[in-house]
Amino acid sequence: MAADRRTGGRAVGRAALFLLVFLSAGPPVRLSAQDYRAQALRILKTVPLIDGHNDLADAIRTRGGLDSVDLAVLQPKLMSDIPKLRAGGVGAQFWAAYVPVTTIDSGPHPAVYALEQIDLIKRMCAKYPRDLAMARTAADVERNFKAGKVSCLIGIEGGHAIENSIGVLRMFAALGVRYITLTHWRTLSWATASTDTARRGLSPFGRDVVHEMNRLGILVDLSHVNDATMSDALHATRAPLMFSHSSARALTHHARDVPDSILKLVRANGGVVMVNFNPGFVSEAVRVYEDSMEARVRALRAGGAGATAVADSIKAWTARAPKATLAQVADHIEHIRDVAGVDAVGIGSDFDGITEVPVGLENVSTFPDLIAELLRRGWSEEDVRKVAGLNALRVMRAAERVAAETGNGKN
Ligand SMILES: [Zn+2]
C-alpha cells in the first residue's frame with residue numbers, strides 16, 4: 001500500500017536487499033520445470049541411471065534383425081535407440097532376452113530362443129562400441145559409466161528358458177545373464193504366473209532354481225509371478241531380489257503389480273522394485289478400461305464377429321482409452337518408497353515391450369523428466385540418486401557377494 005511505502009521505504013529497501021542476498025546465497029526458492037530438468041540431467045552425470053527392463057532386442061528381432069535397424073540414428077518407430085538413450089541420460093540398461101511362452105509348445109526350443117536373444121544383445125552392444133559396452137557386475141557398470149558408455153546387462157524374461165535344467169541355468173550364468181524372470185504369462189511346473197488363478201507358489205525344484213541362482217549371482221526377478229511365488233522366493237532366497245518391471249498394486253489393481261504385503265517383505269530382503277510404465281499397470285482408469293475392452297472382444301468373438309470387425313473395434317476402443325501420465329508413475333515410485341523404503345525403489349520402463357505409454361514418458365529420452373518430477377515434489381538429490389541407479393547397483397553388488405560366499409559364483 002502507498003502509505004506503507006512512504007513510511008517504511010528504507011525498511012522495505014533493506015528487506016529487499018536482504019532477500020536478494022539470501023536468494024543468491026541459498027538454493028532458489030522456486031525452480032521452473034526447465035530448472036528441475038537441468039538439475040535431473042546434472043544428477044544423471046554423477047550416477048548411472050539403470051533401467052530394469054527394455055524389450056528392444058525382441059523389437060529388433062521382429063523387424064528382421066540387427067542389419068535392418070541402425071541404432072546410431074533416431075528411430076521414430078522405436079522407443080529406444082542410441083540418440084534417445086544419450087538424451088535420456090541412461091547409464092545402464094537391462095536388455096530383456098524375452099522368450100515367448102509359445103516356444104513351450106512349438107519350436108524353436110525356449111533355450112534356443114533365449115540363446116538367440118542373448119546373441120542379439122551381445123552383437124548389438126558390439127556393433128556400437130563408442131556408445132555401448134557389455135557389463136556383468138556393478139563394477140563393470142561403474143567403469144563403463146566413467147568411460148562415457150551405456151552398459152548392456154542381460155536379463156532373461158521367462159524361466160521356461162532353462163527347460164527345467166539346472167545345467168542350462170549355469171550356462172546362462174556363464175554367458176553373463178544377470179537376472180531371470182521366473183515366469184512370463186504362463187505358469188511353469190515349478191513357479192506360478194501372476195495371470196494364473198492357482199494359489200500355489202514355488203515347487204521344491206523352484207526353490208532349487210532360486211538357490212542355484214543365488215550361488216551363481218543371477219538375480220531372481222519376480223515380475224510376472226503370482227503372490228505365492230513372490231512370497232516363497234522371498235523366503236527361499238539368500239540374496240536380495242528384484243522386480244525388474246512391476247508397479248504398486250495399492251494404486252492399480254493389476255496382478256502384475258506388487259501388493260503392499262510383498263513390498264514389506266522386499267524391505268526386509270533388501271531388494272528393489274523397478275517401476276513399470278505400462279499404462280494398464282500405473283493407471284487404475286486404464287486398467288479398468290482395458291478389462292472392459294477384453295470383455296467386449298470376447299463378446300464380439302462369441303457373437304461370430306470376424307477378425308477385421310474385432311480389430312476395428314479394438315482400434316476404436318483404444319482411441320477412446322484414458323491416458324496414464326508421468327505423474328502417476330511418480331505416484332507409484334512414492335508409494336513403493338512409503339511402504340518398502342527409499343532403498344527399495346527403481347525404474348523398469350518396459351519400453352519397446354509396451355504398446356502404449358504414459359503422457360510425458362514416451363521413450364528412453366524422457367527419464368530426466370521423471371527425475372525432475374521427483375525433484376519438483378521435494379525429493380532430495382540423495383534419494384533421487386538411489387531411485388535412478390544406486391539401489392539397483394547395491395542389489396547387484398549384494399548378489400555378487402552372496403555368490404562369492406556360497407560358491408564363488410563359479411559355474
Ligand atoms: Zn514383461
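Our subject is the structure that appears above.
The structure contained in this document is the topic of the report that follows. (Residues numbered from 1 in each chain as written. Predicted model: local features only at pLDDT ≥ 70, side-chain atom pairs only at ≥ 80, totals over all residues. Heavy atoms only, no water.)

**Observations regarding the overall build of the protein**
Scanning the protein from terminus to terminus reveals 17 helices and nine strands. In terms of overall dimensions, the protein is globule-like: its C-alpha atoms have a radius of gyration of 23 Å, near the 22 Å expected for 411 residues. Dimensions of the protein, computed from C-alpha atoms along their principal axes, come out at roughly 90 × 60 × 45 Å. Looking at the protein as a whole, 54% of its 411 residues are labelled buried. A fraction of 73% describes how many contacts in the protein between residues 6 or more apart in sequence connect residues 24 or more apart. (Helix = DSSP H or I, 4+ residues; strand = E, 2+ residues; numbered from the N terminus. Rg over C-alpha atoms; globule rule 2.2 N^0.38 Å. Buried < 20%, exposed > 50% of the residue type's maximum accessible area, 1.4 Å probe, protein only. Contact = heavy atoms within 4.5 Å.)

**Points about helix 11 (residues 260-269)**
Residues of helix 11 that are buried: Ile-262, Leu-263, Val-266 and Asn-269. Buried residues along helix 11 cover an arc of 115° about the axis, so they all sit on one side. Of the residues in helix 11, the exposed ones pointing more than 90 degrees away from the buried face are Lys-264 and Ala-268. Where helix 11 is buried, its residues contact helix 10 (227-236), strand 7 (242-243), strand 8 (272-275) and helix 15 (326-340). (Arc of directions from axis to C-beta.)

**Comments concerning the pairing of strand 1 (residues 49-54)**
Burial runs high along strand 1: six of the six residues are buried. Alignment of strand 1 against strand 2 (residues 90-98), held across four bridges, turns out to be parallel. In the sheet register, Leu-49 faces strand 2, and the bridge partner there is Val-90. (Pairing = 2+ DSSP bridges.)

**Quick look at the packing of helix 8 (residues 166-174) against helix 9 (residues 204-216)**
Taken N-terminus to C-terminus, the directions of helix 8 and helix 9 make an angle of 25°; their axes are 11 Å apart at the nearest point. Taken as axis vectors, helix 8 and helix 9 run roughly parallel relative to one another. Helix-helix and strand crossings are classified by hand; for helix 8 and helix 9 the assignment is right-handed. When helix 8 is examined against helix 9, the residues Ile-166, Leu-169, Arg-170 and Ala-173 are found in contact with a partner set consisting of Phe-205, Asp-208, Val-209, Glu-212, Met-213, Arg-215 and Leu-216. (Axes fitted to C-alpha atoms, helices over the stretch in contact; angles between N-to-C directions. Parallel < 35°, antiparallel > 145°, perpendicular 65-115°, else oblique. Left-handed = near helix turned anticlockwise from the far one by under 90°.)

**Examining the pattern of salt bridges**
Summed over the entire model, instances satisfying the criterion amount to 22 salt bridges. Here Lys-386 makes a salt bridge to Asp-343, at a shortest N to O gap of 2.9 Å. Taken as a pair, Lys-386 in helix 17 (residues 381-406) and Asp-343 in the loop between helix 15 and strand 9 (345-347) lie far apart in primary sequence, 43 residues in all. Two residues, Arg-377 and Glu-373, come together in a salt bridge whose shortest N-O distance is 2.7 Å. Of the residues examined, Arg-377 reaches a relative accessible area of 26% and is grouped as partly exposed. Through salt bridges that share partners, Asp-331, Glu-334, Arg-337, Asp-338, Glu-373, Arg-376 and Arg-377 make up one connected network. (Salt bridge = Lys/Arg side-chain N within 4 Å of Asp/Glu carboxyl O.)

**Quick look at the packing of aromatic side chains**
By the definition in use, this model includes six aromatic pairs. Each ring, one from Phe-94 and one from Tyr-179, has its centre 5.1 Å from the other, and the planes form 45°; the classification is tilted. Of the two residues, Phe-94 is situated in strand 2 and Tyr-179 in strand 5 (residues 177-181); the sequence distance between them amounts to 85 residues. By the burial criterion, Phe-94 is buried, and Tyr-179 matches it. (Phe/Tyr/Trp six-rings, centres within 6.5 Å; stacked < 30°, edge-to-face > 60°.)

**Digging into the state of the cysteines**
For the structure shown, the criterion picks out one disulfide. The side chain of Cys-125 participates in a disulfide bridge whose partner is Cys-152; the two sulfur atoms lie 2.0 Å from each other. Handedness of the Cys-125-Cys-152 disulfide follows from its S-S torsion of about -110°: it is left-handed. You can see Cys-125 sitting in helix 6 (residues 110-127) and its partner Cys-152 sitting in strand 4 (residues 150-157), a full 27 residues away along the chain. By relative accessible area, Cys-125 is classed as buried at 3%. (Disulfide = S-S within 2.5 Å.)

**So, the packing of helix 15 against helix 16 (residues 367-376)**
Axis separation between helix 15 and helix 16 bottoms out at 10 Å; the angle between their running directions is 65°. The handedness of the crossing between helix 15 and helix 16 comes out as right-handed. Counting all contacts with helix 15, which are made through Leu-326, Ala-327, Val-329, Ala-330 and Ile-333, the residues of helix 16 involved are Asp-369, Leu-370, Glu-373 and Leu-374. A per-class count over the contact of helix 15 with helix 16 returns seven nonpolar, no polar and two charged. (Nonpolar A, V, L, I, M, F, W, Y, C, P; charged D, E, K, R; others polar.)

**A look at the side chain of Thr-229**
Following the sequence through the fold, Thr-229 ends up in helix 10. A distance of 3.2 Å separates a polar atom in the side chain of Thr-229 from the backbone nitrogen of Thr-192. Polar contacts involving the side chain of Thr-229 include one to the side chain of Asn-226, which spans 2.6 Å. (Polar contact = N/O pair within 3.5 Å; in protein donor to acceptor, adjacent residues only side chain to side chain.)

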